[in-house]
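Examining the three-dimensional arrangement
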Amino acid sequence: MIIIRLLLLGLTGLATVAIAAEPAVNDALLLRSLKRFPAADKNRDGRLTREEWQEFQQGRRLRDEMTEEEARVPGASTDRRPRVVPTQAELPYGPLPEQRLNLWIAPSAKPTPLIVHFHGGGFIQGSKQATIDQTLREKLAAGGVSYASVQYRFQSKDFPLPQVLRGIARSVQYLRHTARDWNLDPTRVAAFGSSAGAAASAWLGLRDDLADPHHADPVLRQSSRVQAVWAISVAATMDVWEWPKYNPMFTEKMIPAWIARWGYDPKTDPTAPDTVAWRREVHFPRWASADDAPMVIVNEHFADNVAHNPQSSQALYEVCRATGLDVALYMREIVHNLDQMPDPFDWMIGRLKK
């Protein structure tokens, strides 16, 4: 009995030592983390708390998820055969240096429909396609459809998201304005993309037409509407203050860090008149109606994804479906029907040729 008691006392002592040492170990880890990642010290007081470290790690996870998402874009980099360079490269569609697009023109005796790709990256990073793979080129040529990939100016406090989206709309308006130059059919345009590119495509498909027939700029007299949308990992809205309603992985505590990453003041008042106008412009449910472009929403992610949560994509689908819009949803989670998803380019080409 004495031996057993001594063993128990020894084990208790070891546990006490372990418990006492845990904060010290954690502090040491936080010190090392602060040295490696000084940006994690959110309040810049020279001391990294567990809360700050967790928030920083979650932000890194968001960035990793966004980077991973762009690799999922169809035709981006899967074909090992020679790449196909644009027929027309670096076409300026607006006055800003970032407003450039690449265009692959399908050989045809008559004007061709057009698919427009918008890249992802949270509207703060990413780039247009410089080439496309041979498989995609052959599919487009067989369908008699041309293809464009658009670069756009990123958002900041001096160039907020509504202006970014207006610039993106201008790329479509430019392609319509110059349609004769490139043998394009301005009445048949599809938009697609992933993440931010999906948001841009959905916004174009849902938003009321931006055409101003009396504008001094002839480009802006053209329609901004598209005739089909393929949206990969799209959020229910780009109003970040609304995200917690649709995305169970995104909490209200994450909003200041997210809008700061977008270049805005993290203390922005969401009820200020300018902010309310900003939010209304980028809130997709506000624009949805039965006469909008047919849309396919795709989300291949699992339920724990923060940046591209499947429930957020499903919420946009439900909003669109409730209006009577022609919309389909393909997801790994919830509906479990990815195996039924059509080829995105076959679907877009088919829609444009109806």
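Everything discussed here concerns the structure shown above.
These figures come from a predicted structure and were not determined experimentally.

What counts, and at which threshold
- Residues numbered from 1 in each chain as written.
- Predicted model: local features only at pLDDT ≥ 70, side-chain atom pairs only at ≥ 80, totals over all residues.
- Heavy atoms only, no water.
- Phe/Tyr/Trp six-rings, centres within 6.5 Å; stacked < 30°, edge-to-face > 60°.
- Helix = DSSP H or I, 4+ residues; strand = E, 2+ residues; numbered from the N terminus.
- Lys NZ or Arg CZ within 6 Å of the ring centre and 35° of its normal.
- Salt bridge = Lys/Arg side-chain N within 4 Å of Asp/Glu carboxyl O.
- Buried < 20%, exposed > 50% of the residue type's maximum accessible area, 1.4 Å probe, protein only.
- Right-handed = clockwise from strand over helix to strand, strands pointing away.
- Axes fitted to C-alpha atoms, helices over the stretch in contact; angles between N-to-C directions.
- Parallel < 35°, antiparallel > 145°, perpendicular 65-115°, else oblique.
- Contact = heavy atoms within 4.5 Å.
- Nonpolar A, V, L, I, M, F, W, Y, C, P; charged D, E, K, R; others polar.
- Pairing = 2+ DSSP bridges.
- 1 Å grid on protein atoms, 1.4 Å probe; cavity = no way out; pocket = protein on both sides within 12 Å on 5 of 7 lines; lining within 4 Å.
- Points joined across faces, edges and corners; volume = space filled by probe spheres on them.
- Left-handed = near helix turned anticlockwise from the far one by under 90°.

1. A closer look at the packing of aromatic side chains
Applying the stated criterion to the full structure yields 16 aromatic pairs. Relative to F345, the ring of Y147 lies with its centre 6.4 Å away and its plane at 55°, an arrangement referred to as tilted. With Y147 in strand β4 (residues 146-150) and F345 in helix α12 (residues 344-352), the pair connects residues that are 198 residues apart, well separated along the chain. Connected via pairs of aromatic rings, a cluster forms that spans W241, W243, F250, W258, W262, Y264 and W278. Above the ring of F159, the side-chain terminus of R153 is found at 4.3 Å from the ring centroid. Taking NZ or CZ as reference, R286 lies 4.2 Å from the ring centre of W287, over its face.

2. Here's the deal with the pattern of salt bridges
Summed over the entire model, instances satisfying the criterion amount to 12 salt bridges. With a shortest N-O distance of 3.8 Å, K139 and D343 are connected by a salt bridge. Of the two residues, K139 sits in helix α3 (residues 134-143) while D343 sits in the loop between β8 (327-331) and α12, which places them 204 residues apart along the sequence. According to the relative accessible area criterion, K139 is partly exposed, its value standing at 26%. Accessibility expressed as a relative area gives 31% for D343, which makes it partly exposed. A salt bridge links D239 to R279, with the shortest nitrogen-to-oxygen separation between them at 2.8 Å. With a gap of 40 residues between them, D239 in the loop between β6 (228-232) and α7 (243-246) and R279 in helix α9 (residues 273-281) connect regions that are remote in the sequence. An identical accessibility class is assigned to D239 and R279; each is buried.

3. Re the pairing of β4
Summarising burial for β4: 5 of the 5 residues are buried, a large majority. The alternating pattern of β4 places S146, A148 and V150 and Y147 and S149 on opposite faces, both of which are buried. Read from strand β3 (residues 112-118) through α3 to β4, the crossover connection turns out right-handed.

4. Overview of the packing of helix α4 (residues 161-177) against helix α6 (residues 196-206)
One way to put it is that α4 packs onto α6 with a least axis distance of 10 Å and a crossing angle of 70°. As summarised for this structure, α4 and α6 are arranged roughly perpendicular, according to the angle between their axes. Residues L165, R166, I168, A169 and V172 of α4 touch α6, and the partners they reach there are A200, W203 and L204. In the contact of α4 with α6, the residues fall into 7 nonpolar, no polar and 1 charged.

5. Brief notes about the pairing of strand β2 (residues 100-104)
Judged by how many residues are buried, β2 sits mostly within the fold: 4 of 5 residues are covered. Direction of pairing for strand β1 (residues 88-92) relative to β2: antiparallel, over a ladder of 3 bridges. Across the sheet, residue P92 finds its bridge partner in β2, namely R100.

6. Focus: empty space enclosed by the protein
Scanning all chains against the criterion turns up 2 cavities of 30 Å³ or more. By volume, the largest cavity is sized at about 250 Å³. In this structure, the largest cavity is lined by 22 residues; those nearest its centre are S195, A235, W243, A307 and H308. Mapped by element, the contributors of at least two residues to the lining of the largest cavity are α2 (50-70) and α11 (310-323). The class makeup of the residues in the lining of the largest cavity is 13 nonpolar, 9 polar and no charged. Quantified by volume, the second largest cavity comes out at close to 40 Å³. In terms of lining, the second largest cavity is formed by L114, V172, L175, R176, A179, L184, D185, P186 and V189.

7. What about the environment of F154?
Examined against the element boundaries, F154 turns out to sit in the loop between β4 and α4. Accessibility expressed as a relative area gives 26% for F154, which makes it partly exposed. A sequence separation of 31 residues divides F154 from F123, and the C-alpha atoms of the two residues are 5.3 Å apart. Residues within four places of F154 in sequence aside, it is in contact with H119, F123, I124, Q125, G126, F159 and V164.

8. Notes on the packing of α3 against α12
Running from amino to carboxyl end, α3 crosses α12 at an angle of 20°, the nearest separation of the two axes being 11 Å. In terms of orientation, α3 lies roughly parallel with respect to α12. Handedness of the α3/α12 crossing: right-handed. On α12, the residues touching L136, K139, L140 and G143 of α3 are F345, D346 and I349.

In short, the description is geometric, and any link to function would need to be established separately.
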